[in-house]
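# Summary of the model geometry
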Number of protein chains: 2
Amino acid sequence: MKKYKFSEAVKRLKSSEIRELMKLTTRPNLIVFGGGSPDPQLFPYESVKKIQSKWDAEKAAMAYQYGPTPGIPPIQKALRSWVTDHHISLEGQSIFVSSGAQQSLSLISCAFVNLGTKIVVENPTFIGAMACFQINGAEFLWAELENDGVDLNQLESYFKNDKPVFFYTIPNFQNPSGITMSMQKRMELLELAHKYQVLIIEDDPYVELYYEGSPEDYRSLKSLDKNNIVINIGTFSKMLSPGMRVGWMVGPELPVSKCEVARQSQDACGSSFTQMLCADYVSSGMIYPSLEKIREGYRIKRNLMKNAIESYFPDWIKRSEPKGGFFFWIDLQGRIGSKELFKRAIDKGVAVITGHAFMPPGDGERCCRLSFSSSKKEDIGKGIKILGDILKKL
Amino acid sequence: MKKYKFSEAVKRLKSSEIRELMKLTTRPNLIVFGGGSPDPQLFPYESVKKIQSKWDAEKAAMAYQYGPTPGIPPIQKALRSWVTDHHISLEGQSIFVSSGAQQSLSLISCAFVNLGTKIVVENPTFIGAMACFQINGAEFLWAELENDGVDLNQLESYFKNDKPVFFYTIPNFQNPSGITMSMQKRMELLELAHKYQVLIIEDDPYVELYYEGSPEDYRSLKSLDKNNIVINIGTFSKMLSPGMRVGWMVGPELPVSKCEVARQSQDACGSSFTQMLCADYVSSGMIYPSLEKIREGYRIKRNLMKNAIESYFPDWIKRSEPKGGFFFWIDLQGRIGSKELFKRAIDKGVAVITGHAFMPPGDGERCCRLSFSSSKKEDIGKGIKILGDILKKL
């Protein structure tokens, strides 16, 4: 074949400079704070083995077969009980099981976004969400994040003047910033969305990974939604393992049904096998002690990174104060560009990820994301000290 | 929320009349020839258990973690050896592991199809492919299927006059028609595609399910491709189980890399867990005796349906002669519309699927697809007799 004619859609997703930089992070013996993968030591291997050993012929047959597009009956049942326990009313709502949060976002993008469709995202926001909104040609309106969540004044101005089709938010331990939206802002956001009739897409992958406070402090927008204006996205990637590729969305029946239609063309259905594992993980109750262990494991790492930053970073650095999740967000205050920091850090054996991945053009030089989730405990202090030494010399 | 603004893409995929009809096929106690699911009795449950019991800590950690977008290293390795054994040269080619053939098709659609992009498909063709080409706005050019494969004269005329971006074909035991492309036509097709520089998308899910002849009779277009003009799509859905959601494509590096970019936005990566199961299924060699059993199981059912059709259907019915796969294709010769046959059959306890699902508007009344894959052996003769009784009364 001499010449290919590719679609406008993939042309919008050119390999970026930042992706090229990230290829450097696969060098051996690096301390990698750049990724966002879970800690393999916290996967519940034994629970999954036990679950599978109990499958009878009927369960096995279902696990090996095609399933309904919205998920096999056992995972539907398990999730109905799970979200209800999390204060989400299912009246007029559908649950749709996806192959992870990324697919949920992709289906929502497919259902709502045309070329030029306006959407609001947080600044910074999740790189995977950007990709799936971009491929359908969305026009991004960036709303600044404050320490207690999105800037509501800016958001209202967008809602009023630009009539976006939805607002995409990660209210808990946001990726990449680690910021959590205050309860006050959650209530106000819901009112604003209702007033201007803008759908809220709530991405909540880290909600179970809180290291202080109680679940009440991190209640989902969906659980507070009186006006049927939120689609909530959940995932087993951080509660069990991302290797399952099982996530879900819960929201008003009509938009969820459009996502179902879109999915029939995208991959027909998810893995019944891994859906069955996730269903049993919830319905057996094994998930509860497992989550305790997972929280404790990450809490230790969060504290290690927090203490190291306090010890080794210069005072002028601004950083977020994550109460859960995987990430610290560092504001370099313009004293060094994030790409320059990236390069110097890689040379010393530490990988970070620069703000460019998460921000509109022009903003990325100011910030970096540091993840503690998959680093070895003994590496966290070491890596932060190396970064601190670079920063102190500026 | 009072009113949603959905995308043009999902508007193109309205719930069809045929989908409404298909809902009737979930009635209890029906003999269902309408589906296309594998026989749960032929899934290799014991092999998969054995595979998992041998996973060490390293394999388990990889199976539970996020994987690279093109597939984890063990499945890449297993498939490189698998496709090479199937006479496909990997020079200048990439293998890309997807979540099943439907996703491979969806990614190809995303990479190549804009609103109004012309593509050629067979008449009839696979319903899932139609959906993923439709959602991106493809304009379909329908090439008639003859007993030995697509009408090459019509195809050449399309290639010459319409400059389609690709031709989508299922050369072996086609879904829905059961037709296999002759070796002669394969060679001529490859020449035509090269002459007019039209990419061939070869969907080959049933290739291992041959019930007569030898693998040489069903060699993939890709294995015969001297001009780098074919993307071949394979899947574990029929060789192991569709519950795995593991498939692949192999083709020239550039278009496959575009599919990878598209996938990063669609679901980031597939299930490492089920990819590892599929990898070990191939690399352990367990796949070979398993495929023997699977072929033998379906061969028996194919023969049961063939014999029943010969015994119970009137002579004027035209039908395909499937040498493998799951399907018989019935031409009703205009003596009864397929929807009318569907209704009468459902009333008597048998479900078929009408041609509308697979054909351009206006053609569907003429034909029906009968699948023997998931019916109980004892039901095949019974169901075919019921259909025969209806047809004989016309």
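Scoring rules and cut-offs
Residues numbered from 1 in each chain as written. Chains lettered and ligands numbered in written order. Predicted model: local features only at pLDDT ≥ 70, side-chain atom pairs only at ≥ 80, totals over all residues. Heavy atoms only, no water. Pairing = 2+ DSSP bridges. Helix = DSSP H or I, 4+ residues; strand = E, 2+ residues; numbered from the N terminus. Contact = heavy atoms within 4.5 Å. Axes fitted to C-alpha atoms, helices over the stretch in contact; angles between N-to-C directions. Salt bridge = Lys/Arg side-chain N within 4 Å of Asp/Glu carboxyl O. Buried < 20%, exposed > 50% of the residue type's maximum accessible area, 1.4 Å probe, protein only. Domains from an automatic or database assignment. Buried area = accessible area lost by both parts, 1.4 Å probe. Nonpolar A, V, L, I, M, F, W, Y, C, P; charged D, E, K, R; others polar. Arc of directions from axis to C-beta. Phe/Tyr/Trp six-rings, centres within 6.5 Å; stacked < 30°, edge-to-face > 60°. Lys NZ or Arg CZ within 6 Å of the ring centre and 35° of its normal. Least-squares fit on C-alpha atoms with pLDDT ≥ 70 in both. Expected span 1.5 Å × (residues − 1). Parallel < 35°, antiparallel > 145°, perpendicular 65-115°, else oblique. Left-handed = near helix turned anticlockwise from the far one by under 90°.

### Examining the sheet that holds strand E7 (residues 199–203) of chain A
Hydrogen bonds between backbone groups are what pair the strands of a sheet, and the pairing can be parallel or antiparallel. All names here are of chain A. Spatial ordering of the open sheet is given by E2-E9-E8-E7-E6-E3-E4-E5, a layout of eight strands whose pairing is mixed. The open sheet has two free edges, formed respectively by strand E2 (93–98) and strand E5 (149–150), since each of these has just one partner strand. By the bridge criterion, six bridges tie strand E3 (residues 118–123) to strand E4 (residues 139–146) in an arrangement that is parallel. Among the inter-strand pairings, Ile119 is bridged to a residue of E4, identified as Phe140. Running at roughly 125 degrees to E2, helix H5 (residues 73–85) makes contact with E2 and strand E9 (247–252) of the sheet. Against the sheet, helix H8 (residues 152–162) makes contact with E3, E4, E5 and strand E6 (166–169), and its axis sits at roughly 160 degrees relative to E4, the strand it touches most.

### Focus: the pattern of salt bridges
Any two side chains of opposite charge can pair, given that their charged atoms come close. The tally for this structure, following the rule as stated, stands at 44 salt bridges over all chains. The salt bridge involving Asp280 of chain A is made with Lys59 of chain A; its shortest N-O contact spans 3.0 Å. Taken together, the residues span a long stretch of sequence, with Asp280 of chain A in helix H12 (residues 272–283) and Lys59 of chain A in helix H4 (residues 57–64) at a distance of 221 residues. Judged by relative accessible area, which is 8%, Asp280 of chain A ranks as buried. Note that Glu310 of chain B is salt-bridged to Arg319 of chain B, the shortest N-O span being 2.9 Å. Assessed through its relative accessible area of 48%, Glu310 of chain B is described here as partly exposed.

### Remarks on the domain arrangement of chain A
Residue and element names in this part refer to chain A. When cut into domains, chain A gives domain 1 (8–43 + 289–392) and domain 2 (45–283). Inter-centroid distance (C-alpha atoms) of domain 1 to domain 2 is 24 Å. Taken together, the 29 residues of domain 1 in the interface contact 36 residues of domain 2. Considering only the surface of domain 1 that becomes buried against domain 2, Phe43, Arg295 and Lys323 emerge as the three largest contributors, covering 22% of it. Close ionic contact of Arg302 with Glu212 constitutes a salt bridge, the shortest N to O distance being 3.0 Å.

### Some remarks on the interface of chain A and chain B
Every contact between the two is made by 72 residues of chain A and, on the other side, 72 residues of chain B. Ranking the residues of chain A by area buried against chain B places Met1, Tyr64 and Tyr66 of chain A at the top, with a combined share of 14%. Summed over the shared surface of chain A and chain B, the number is zero salt bridges. If you list the elements that add at least two residues to the side of chain A that touches chain B, you get helix H1 (8–11), helix H3 (45–53), H4, helix H6 (101–112), helix H7 (127–135), helix H11 (253–266) and H12 of chain A. Ranked by the residues each element gives to the side of chain A that touches chain B, the list is headed by H11 of chain A, at eight residues. For the side of chain A that touches chain B, the residue count by class is 39 nonpolar, 23 polar and 10 charged.

### What to know about helix H3 (residues 45–53) of chain B
Since there are 3.6 residues in each turn of an α-helix, residues three or four apart along the chain are aligned in direction. Those residues of H3 of chain B that fall on the buried side of the exposure criterion are Tyr45, Ser47, Val48, Ile51 and Gln52 of chain B. Along the axis of H3 of chain B, the buried residues cluster in a sector spanning 165 degrees; they form a single face. Among the exposed residues of H3 of chain B, those pointing more than 90 degrees away from its buried face are Glu46, Lys49 and Ser53 of chain B. Where H3 of chain B is buried, its residues contact H3, H4 and H12 of chain A together with helix H11 (272–283) of chain B.

### Some thoughts on the packing of aromatic side chains
The tally for this structure, following the rule as stated, stands at 51 aromatic pairs over all chains. Centroid distance Phe140 of chain B to Trp142 of chain B: 5.7 Å. Interplanar angle 25 degrees. Geometry classified as stacked. The exposure class of Phe140 of chain B is buried, given its relative accessible area of 17%. Among the residues examined, Trp142 of chain B registers a relative accessible area of 14% and is labelled buried. A centroid spacing of 6.4 Å and a plane angle of 65 degrees characterise the contact between Phe159 of chain B and Phe167 of chain B, whose relative ring orientation is edge-to-face. Given the relative accessible area of 0%, Phe167 of chain B is considered buried. Grouping aromatic residues by their ring pairs yields a cluster made of Phe43, Tyr45, Trp55, Tyr64 and Phe273 of chain A together with Phe43, Tyr45, Trp55, Tyr64 and Phe273 of chain B. Taking NZ or CZ as reference, Lys258 of chain A lies 5.3 Å from the ring centre of Phe6 of chain B, over its face.

### What to know about the relation of the copies chain A and chain B
Mapping chain A onto chain B is achieved by rotating through 180 degrees and translating by 0.0 Å along the same axis, at an RMSD of 0.0 Å. Given the turn and translation reported, the copies of this chain are related as if by a two-fold rotation axis.

### Brief notes about helix H5 (residues 73–85) of chain B
All names here are of chain B. Over its 13 residues, H5 extends 18 Å from the first C-alpha to the last, a length consistent with the 18 Å expected when each residue adds 1.5 Å. Among all positions of H5, only Ile75, Gln76, Ala78, Leu79, Trp82 and Val83 are buried. Seen from one end, H5 has its buried residues packed into an arc of 165 degrees, which puts them on one side. Those residues of H5 hidden inside the fold are in contact with strand E2 (93–98), strand E9 (247–252), H11 and helix H12 (287–312). One or two steps after H5, the chain reaches His87, where phi turns positive at roughly 65 degrees.

### Section: the packing of helix H6 (residues 101–112) of chain B against helix H7 (residues 127–135) of chain B
Residue and element names in this part refer to chain B. Across the interface, H6 lies against H7 with an axial gap of 9 Å and an inter-helix angle of 30 degrees. By the angle between their directions, the pair H6 and H7 is classed as roughly parallel. Pair H6 / H7 crosses with right-handed handedness. Across the interface between the two elements, Gln102, Leu105, Ser106 and Ser109 from H6 touch Gly128, Ala129, Cys132 and Phe133 from H7. Taken together, the residues that form the contact of H6 with H7 break down as four nonpolar, four polar and no charged.

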